[in-house]
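# Reading the structure
So the chains spell out like this:
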Amino acid sequence: MNYLFADIKIQPYSADNCDILCAVLGDEGYDSFEITDTGVKAYIQVDKFDDDRLSLLLNDFVVPDVTFEYSVNELENKDWNEEWEKTSFTPVLEEQFGIKLCPKMAFGSGSHDTTYMLAEYLMKKDLKGKRVLDMGCGTGVLGIAMSKRGASELVAIDIDEMSVQNTKENMLLNGIDDAEVILGDATKIQGSFDVIVANIHKNVLINDMSAYESHLAQGGILIMSGFFADDASDIQDAAKLYGMSVIDILNRNEWTALVVCK
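A brief structural summary.

What counts, and where the lines are drawn
Residues numbered from 1 in each chain as written. Predicted model: local features only at pLDDT ≥ 70, side-chain atom pairs only at ≥ 80, totals over all residues. Heavy atoms only, no water. Helix = DSSP H or I, 4+ residues; strand = E, 2+ residues; numbered from the N terminus. Areas by Shrake-Rupley, 256 points an atom, 1.4 Å probe, with all protein chains shown as cover. Buried < 20%, exposed > 50% of the residue type's maximum accessible area, 1.4 Å probe, protein only. Contact = heavy atoms within 4.5 Å. Pairing = 2+ DSSP bridges. Axes fitted to C-alpha atoms, helices over the stretch in contact; angles between N-to-C directions. Parallel < 35°, antiparallel > 145°, perpendicular 65-115°, else oblique. Core = buried A, V, L, I, M, F, W, Y, C linked by side-chain atoms within 4.5 Å. Arc of directions from axis to C-beta. Polar contact = N/O pair within 3.5 Å; in protein donor to acceptor, adjacent residues only side chain to side chain.

Before going further, it helps to spend a moment on the overall build of the protein chain. Check the secondary structure of the protein chain and you find 10 helices and 11 strands. Surface summary for the protein chain: the accessible area is close to 12,100 Å², and the carbon and sulfur share equals 45%.

If you want it as structure tokens, here you go:
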């Protein structure tokens, strides 16, 4: 599977503009991001890239008076993995919670606010005997956190082949050899879960809410992030349509997570 990256320079440069750009591009199929000194490197599978669409998104950016310049470069996965691991990966979650990762190109190294926020939350939960789902697992980090907190059965699902492979590797790296890791979307969910975690983009969360609810055990919790605080009300409304109510709200910088109960 070949990837390319758009090296996007942002004016004026700010951490907020970088995060907003990552969120916008995430909705368009870009699945990995690297923050640079001038902007963002956004990675996407070659067959999903649309240059006209990227140009349109940048020209109609949601924040006024922000301009962009970008170049597009193809690269081989192996070269990217080796370079990213050498130069870009900081083992935040291993230092904090003992979660070991070899992240490669998959999202979820722990450096992003949503990943860290959810990992921190999960590491405080008693999940002994629980059947849990890491939906959109990326590197599998949140599934690993749940396993460390006693989950008896772990399922992880992602639409990206590389994420599935990386999750399997990271599970083994953390001594987890009985997790089920599945390639696919929410239609692949089977059975009932006590805890479902979905750190995905807003539109995906809303679209798949019915699937989450139908596979969530009565009294179970659904933990969602991957969206800005301004979007929390839309996620909350979608959950309410399926009879789920908010029991906790988490915030880290401009990012939010909702914990809802069935």
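Turning next to the environment of Val-155. Along the chain, Val-155 turns up in strand E6 (residues 153-158). A relative accessible area of 4% means that Val-155 is categorised as buried. Separated by 21 residues in the primary sequence, Val-155 and Asp-134 have C-alpha atoms spaced 6.3 Å apart. Apart from residues lying up to four places away in sequence, Val-155 is in contact with Arg-131, Val-132, Leu-133, Asp-134, Glu-180, Ile-182 and Phe-193.

Turning our attention to the sheet that holds strand E7 (residues 180-183). The mixed open sheet is built from seven strands, whose spatial order is E7-E6-E5-E8-E9-E11-E10. Where the open sheet ends on each side, the last strands, each with one partner, are E7 and strand E10 (245-252). Adjacent strand axes in the sheet meet at a mean angle of 15 degrees when their direction is disregarded. Here E10 pairs with strand E11 (residues 255-261) via seven bridges, running antiparallel. Of the residues in E11, the one forming a bridge with Arg-252 is Trp-255. Helix H6 (residues 141-148) rests against strand E5 (131-135), E6 and strand E8 (193-199) of the sheet, and its axis sits at about 165 degrees to E5.

Turning to the packing of helix H5 (residues 113-122) against H6, a few remarks are in order. Direction vectors running N to C along H5 and H6 enclose 10 degrees, while the axes themselves pass 9 Å from each other. Relative to H6, the element H5 is oriented roughly parallel. Together, Thr-115, Leu-118, Ala-119 and Leu-122 of H5 and Val-141, Leu-142, Ala-145 and Met-146 of H6 make up the contact between the two elements.

The biggest cluster of nonpolar side chains holds 57 residues, and the ones touching the most others in it are Leu-21 and Ile-223. Ranked by residues supplied to this core, first place goes to helix H1 (residues 15-26) with seven residues. Ignoring anything within four residues of it in the chain, the contact list for Leu-21 reads Ile-8, Ile-10, Val-40, Leu-58, Phe-61 and Phe-68. Ile-182, Ile-196, Met-209 and Phe-227 belong to the second largest nonpolar core, which has 26 residues in total.

This part takes up helix H2 (residues 51-59). An α-helix turns once every 3.6 residues. As a result, residues three or four positions apart point the same way. Those residues of H2 that fall on the buried side of the exposure criterion are Leu-54, Leu-57 and Leu-58. What you see down the axis of H2 is that its buried residues fit within an arc of 95 degrees, all on one side. Residues of H2 that are exposed and angled more than 90 degrees away from the buried face: Asp-52 and Asn-59. Where H2 begins, one side-chain oxygen reaches toward the backbone nitrogen of Asp-52, 3.1 Å away; that side chain belongs to Asp-50.

Below, the discussion takes up the environment of Phe-5. Locating Phe-5 in the fold gives a position in strand E1 (residues 3-11). Residue Phe-5 is classed as buried on the basis of its relative accessible area, which comes to 13%. Each C-alpha atom, one on Phe-5 and one on Phe-33, is 9.0 Å from the other, the two residues being 28 residues apart in sequence.

Turning our eyes to something else, we now look at unusual backbone geometry. At the junction of Gln-11 and Pro-12, the peptide bond is cis and its omega measures out at -5 degrees in the coordinates. Checked against the element boundaries, Pro-12 lands in the loop between E1 and H1. A positive phi angle, close to 65 degrees, is found at Asp-65, a residue other than glycine. Mapped onto the elements, Asp-65 comes out in the loop between H2 and strand E4 (67-75). Under the relative-accessibility criterion, Asp-65 is labelled exposed at 72%. Within the chain, Asn-253 stands out as a residue other than glycine whose phi angle is a positive 55 degrees. For Asn-253, the location among the structural elements is in the loop between E10 and E11.

A few words on the pairing of E11. Within E11, seven of the seven residues are buried, leaving the element largely enclosed by the surrounding structure. Pairing geometry for strand E9 (residues 216-228) and E11, over seven bridges, is antiparallel. Looking across to E11, one finds that Met-224 is bridged to Leu-258. Hairpin connection between E10 and E11: a loop of two residues separates the two successive antiparallel strands, and Asn-253 in this loop has a positive phi of roughly 55 degrees.

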